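A closer look at the structure
Here's the letter readout for the chains.
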Amino acid sequence: MTTDESLRPRPLVYAHRGASADFAEHTRAAYLRALAEGADGVECDVQLSRDQHVVLLHDANLDRTSDGTGPVAERTINQLRLLDFSSWKGVRIPEEYGPRSDQFLTLPDLLDLLRDSGRDIGLAIELKHPSPYQLKLEDRVLEVLRAEGWDSRTSRLDNISITFMSFSPDAVRHLRKAVPPEFICQLVDDVNVAGIREELGLGPLTGGAVANVMKAAQLEGERIINDCEVGIAGPGIGYVREHTGTVRRWLDSGRRFRVWTVDAEKDVALCIGLGIHEITTNRPAQVLAQLQPA
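Just so it is clear, the structure is predicted and the values come from calculations on it, not from any experiment.

**Concerning the pairing of strand β6 (residues 160-166)**
The buried fraction of β6 is high, at six of seven residues. Looking at chain direction, strand β4 (residues 121-127) and β6 are connected through six bridges and run parallel. Its bridge partner being in β6, glutamate 126 is matched across the sheet by methionine 165. Note that strand β5 (residues 156-157) and β6 share two bridges and pair antiparallel. Across the sheet, the residue bridging to leucine 157 is isoleucine 160, located in β6. Hairpin connection of β5 to β6: two residues between the antiparallel strands, including aspartate 158 at a positive phi of 55 degrees. When β6 meets strand β7 (residues 184-188), the two strands line up parallel, connected through three bridges. Bridge pairing links phenylalanine 164 to isoleucine 184 in β7.

**Let's talk about the packing of aromatic side chains**
Summed over the entire model, instances satisfying the criterion amount to six aromatic pairs. When the centroid spacing of 5.7 Å and the interplanar angle of 90 degrees are considered together, the rings of phenylalanine 23 and tyrosine 97 count as edge-to-face. In this pair, phenylalanine 23 sits in the loop between β1 (12-16) and α2 (28-36) while tyrosine 97 sits in the loop between α3 (77-81) and α4 (107-115), placing the two residues 74 residues apart along the sequence. Among the residues examined, phenylalanine 23 registers a relative accessible area of 5% and is labelled buried.

**So, the pattern of salt bridges**
Where charged atoms from two side chains of opposite charge approach closely, those side chains can pair. A full pass over the atoms with the stated rule returns 23 salt bridges. Between arginine 81 and aspartate 109 there is a salt bridge, and its shortest N-O distance comes to 3.5 Å. Remark: aspartate 109 occurs in helix α4 and arginine 81 occurs in helix α3; sequence separation between them is 28 residues. Judged by relative accessible area, arginine 81 falls into the partly exposed class, the value being 38%. As a salt-bridge pair, arginine 223 and glutamate 220 come within 2.9 Å of each other at their nearest N and O atoms. Residue arginine 223 and its partner glutamate 220 are both found in helix α8 (residues 204-226); the two are separated by three residues, about one turn of the helix. According to the relative accessible area criterion, arginine 223 is partly exposed, its value standing at 29%. When its relative accessible area of 22% is taken as the criterion, glutamate 220 is described as partly exposed. One salt-bridge network, in which partners are shared between bridges, spans Asp170, Arg173, Glu220, Arg223, Asp227 and Glu229.

**A few points about empty space enclosed by the protein**
Considering all chains together, one arrives at one cavity of 30 Å³ or more under this definition. Size it by volume and the largest cavity reaches roughly 70 Å³.

The rules behind the values
- Note on numbering: residues in each chain are counted from 1, in written sequence order.
- Selection of residues for local features in this predicted model requires a pLDDT of at least 70, selection of side-chain atom pairs for listing and counting requires 80 or more, and totals for whole chains, interfaces and linings are taken over all residues.
- Excluding hydrogens and water, the side-chain figures rest on all heavy atoms present in the structure.
- The buried label applies to any residue whose accessible area, calculated with a 1.4 Å probe on protein chains only, is under 20% of its type's maximum; exposed applies above 50%, and partly exposed to all values in between.
- What counts as a helix is a DSSP run of H or I of at least four residues, what counts as a strand is a run of E of at least two, and both are numbered from the N terminus.
- A pair of strands is labelled paired if DSSP reports no fewer than 2 bridges between them.
- Working definition: a ring pair exists when centres of Phe, Tyr or Trp rings (six-membered ring for Trp) sit within 6.5 Å. Plane angles under 30 degrees give stacked, over 60 give edge-to-face, the rest tilted.
- Throughout this description, the term salt bridge denotes a Lys or Arg side-chain nitrogen within 4 Å of a carboxyl oxygen of Asp or Glu.
- Buried and open spaces are told apart on a 1 Å grid over the protein atoms alone, a cavity being a set of points where a 1.4 Å probe fits but cannot get out and a pocket being an open set with protein on both sides within 12 Å along at least five of seven lines. Residues with an atom within 4 Å of a point are the lining residues.
- Grid points are joined across faces, edges and corners, and a volume is the space filled by probe spheres set on the points.

Keep in mind that these numbers describe shape and distance, not what the molecule does.
Take a look at the structure:
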């Protein structure tokens, strides 16, 4: 580590969907493990159930991370609570992290866990789009937070510092109406047409159309960061590797940086060298250990 690097404060470490390398993402066990490991903050993705509860799930469909199937938005909160969201990971959950039936979380459930941590903690909320409820997702998240006691001016709720993020420029612009820009993160990543077609199982024409929409969102997201319309830039680690010059320029402009998903030692080292402020990782204990001074 150079002298300049040694003078910088270490990056804050956010647990990506909890300690999701160890336990199923977004579960009680994953978040409790992240807190036990000393993560500075946690990250979550939010969707709306059919009856408008804010639930912690990455995918719009239930198939990958539960024993259910079909859209999240078509299930009520009570129906979602009956599903198993942890067994797919294939790991035993220690008793102190709760039974399998308690692993599914809503946003208020996560807030309770963070309050109980007994220390200052960060919470990064990603609003997932496209959503069948469109920008009602943002409105409902803010409504839930206000009911819990969130102060929009400081974006704090008791011991929790809250920031908001999305890949959707429309969502970011909508959030700016109610949230100071320093607490909003515009997420960006490179759009790969072939990768999108394969991931979504789309044909050339449909896949290309979807990719074009996503590329337009990427360019608009980059413009939002360029024009300093938000306080936090949120590129993926692949984007940081491929666009180091752009990243350095944004850093020099005063943007705060949150980079995801940083698991490899060489990528942690890259973030340290660039002066990245926040690292989001599936492996908070491993990253925190690497950040300890020699």
